[in-house]
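Tertiary structure, described
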Amino acid sequence: MLFRSDPNEIDQAHWTGTPLAPGVAGHILGTDEDGRDLLARIVKGARTSLTVALNATFLQLAVGSMIGAFGASLLRWRIVRWLSDVVGLYCRVIAVLTLPLALVVLANIASTSNKAIISAETLAVILGFIGSHRSAAIFHDVLVRMDEPAISRARLWRLWHSPPRVGSVVAWSCGAVTAMLLLESTVSFFGFGIQPPNASLGSLLSNASTNLVAAPFIAILPGVLLLTTAAAFAFLGFCPRSY
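Since we're looking at a predicted model, the values are computed, not measured.

1. Quick look at the pattern of salt bridges
Tallied over the full model, the rule gives 3 salt bridges. Here Arg36 ties to Asp32 by a salt bridge, and the two come within 2.9 Å at their closest N and O atoms. Note that Asp34 and Arg36 form a salt bridge whose closest N and O atoms lie 3.2 Å from each other. For Arg36, a relative accessible area of 8% translates into the label buried. One network of salt bridges, in which partners are shared, links Asp32, Asp34, Arg36 and Arg41.

See the structure below:
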């Protein structure tokens, strides 16, 4: 075992109230401010953050495609043609306000109920629905640009399953994972996301902010992992654009 299996286990034998440095008492990356193995916490936090980001991306892709298709389908009826533009504008506005809206929603949940209910699954659903407006705006614009007055299933199948479109969807999905990963880390950093003792990359950075001088490695290691993971998904998003 390279790290202790329980990320919440406190090293009562060696912890004296301050973080242990890397390599001390068998802790490869040291401990956090509560004496818990930092490597185990980072592995657990990265797993939680990625789970939230991937689930939220899948949800916003599913919900956003339906909203965008609905808005574009309004073009079939001349009497409600203007509603298509309204739906597109609404999606663009909400997409810009994703972070403030997420903070407001999660803050209201935290103030009216127990913060413990904000689990990884709950957070993924909330971020997925809020982020779906971004994908809805993209789907809406793509479908509106189609010259055909009616959008047939066969046309949609050919459109989205041709290699350039598949590459575009893959590229967008990787970018969405990056955005959701950073969004989850941000709301958790402000205390409205994953709650202790559970760990995510954002909550690890939040807890480490009080020990930046005495133990900077507590913040540097999760921060480097977060930036590296986000950059990796962003790089994967550029690969499908090459064909």
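2. Brief notes about the packing of aromatic side chains
Within the structure shown, the criterion is met by 1 aromatic pair. Seen in terms of ring centroids, Phe189 and Phe190 are 5.6 Å apart; in terms of plane orientation they differ by 85°. Their pairing is edge-to-face. Since its relative accessible area comes to 36%, Phe189 is described here as partly exposed.

3. Considerations on the nonpolar core
Counting residues in hydrophobic clusters, the biggest one holds 24 residues, and the most contacted among them are Leu123 and Leu127. Sorting the residues of this core by element identifies α1 (38–73), α3 (98–112), α4 (120–144), α6 (163–189), α7 (201–208) and α8 (217–238) as the ones contributing at least two each. It is α4 that contributes the most residues to this core, 6 residues altogether. If we skip the residues at most four places from it in the chain, Leu123 touches Val52, Leu106, Ile118, Glu184, Val187, Ser188, Gly193 and Ile194. Counting residues in hydrophobic clusters, the runner-up holds 9 residues, among them Ile42, Ala199, Ile218 and Ala219.

4. Comments concerning the packing of α7 against α8
Where α7 meets α8, the axes come as close as 9 Å, and the angle between the chain directions of the two elements is 155°. Taken together, α7 and α8 sit at an angle that is classed as roughly antiparallel. Seen from above, α7 lies across α8 with left-handed handedness. Packed against α7, whose contacting residues are Leu201, Leu204, Leu205 and Ala208, the element α8 presents Ile218, Ala219, Pro222, Gly223, Leu225 and Leu226 at the interface. Residue composition of the contact of α7 with α8, grouped by class: 9 nonpolar, 1 polar and no charged.

5. Concerning α3
The first and last C-alpha atoms of α3 sit 21 Å apart over 15 residues, in line with the 21 Å expected at 1.5 Å per residue. By the burial criterion, the buried members of α3 are Thr98, Ala102, Leu106 and Ala110. One side of α3 carries all its buried residues, which in axial view fall inside an arc of 90°. Opposite its buried face, α3 presents the exposed residues Ser111 and Thr112, each directed more than 90 degrees away.

6. So, the side chain of Ser200
By the element assignment, Ser200 lies in the loop between α6 and α7. Judged by its relative accessible area of 0%, Ser200 falls in the buried class. At a separation of 3.1 Å, a polar atom in the side chain of Ser200 contacts the side chain of Glu184. Among all residues touching Ser200, those that are not within four sequence positions of it are Gly45, Thr48, Ser49, Glu184, Ser188 and Ile194.

7. Focus: the environment of Leu50
As for its placement among the helices and strands, Leu50 is situated in helix α1. C-alpha separation for the pair Leu50 and Leu201, spaced 151 residues apart in sequence, amounts to 9.4 Å. Residue contacts for Leu50: discarding those within four places in its chain leaves Leu181, Thr229 and Phe233.

8. Topic: the environment of Ala46
Looking at where Ala46 falls in the secondary structure, it is placed in helix α1. In the structure, Ala46 is positioned 176 residues away from Pro222 in sequence and 8.4 Å away in space, judged by C-alpha atoms. Excluding anything up to four places from it in sequence, Ala46 contacts Leu201 and Leu225.

9. Things to note about α7
One turn of an α-helix holds 3.6 residues; hence residues three or four places apart share an orientation. The buried count for α7 comes to 6 of 8 residues, which makes it a mostly enclosed element. For α7, the full list of buried residues reads Leu201, Gly202, Ser203, Leu204, Leu205 and Ala208.

Conventions we followed
Residues numbered from 1 in each chain as written. Predicted model: local features only at pLDDT ≥ 70, side-chain atom pairs only at ≥ 80, totals over all residues. Heavy atoms only, no water. Salt bridge = Lys/Arg side-chain N within 4 Å of Asp/Glu carboxyl O. Buried < 20%, exposed > 50% of the residue type's maximum accessible area, 1.4 Å probe, protein only. Phe/Tyr/Trp six-rings, centres within 6.5 Å; stacked < 30°, edge-to-face > 60°. Core = buried A, V, L, I, M, F, W, Y, C linked by side-chain atoms within 4.5 Å. Helix = DSSP H or I, 4+ residues; strand = E, 2+ residues; numbered from the N terminus. Contact = heavy atoms within 4.5 Å. Axes fitted to C-alpha atoms, helices over the stretch in contact; angles between N-to-C directions. Parallel < 35°, antiparallel > 145°, perpendicular 65-115°, else oblique. Left-handed = near helix turned anticlockwise from the far one by under 90°. Nonpolar A, V, L, I, M, F, W, Y, C, P; charged D, E, K, R; others polar. Expected span 1.5 Å × (residues − 1). Arc of directions from axis to C-beta. Polar contact = N/O pair within 3.5 Å; in protein donor to acceptor, adjacent residues only side chain to side chain.

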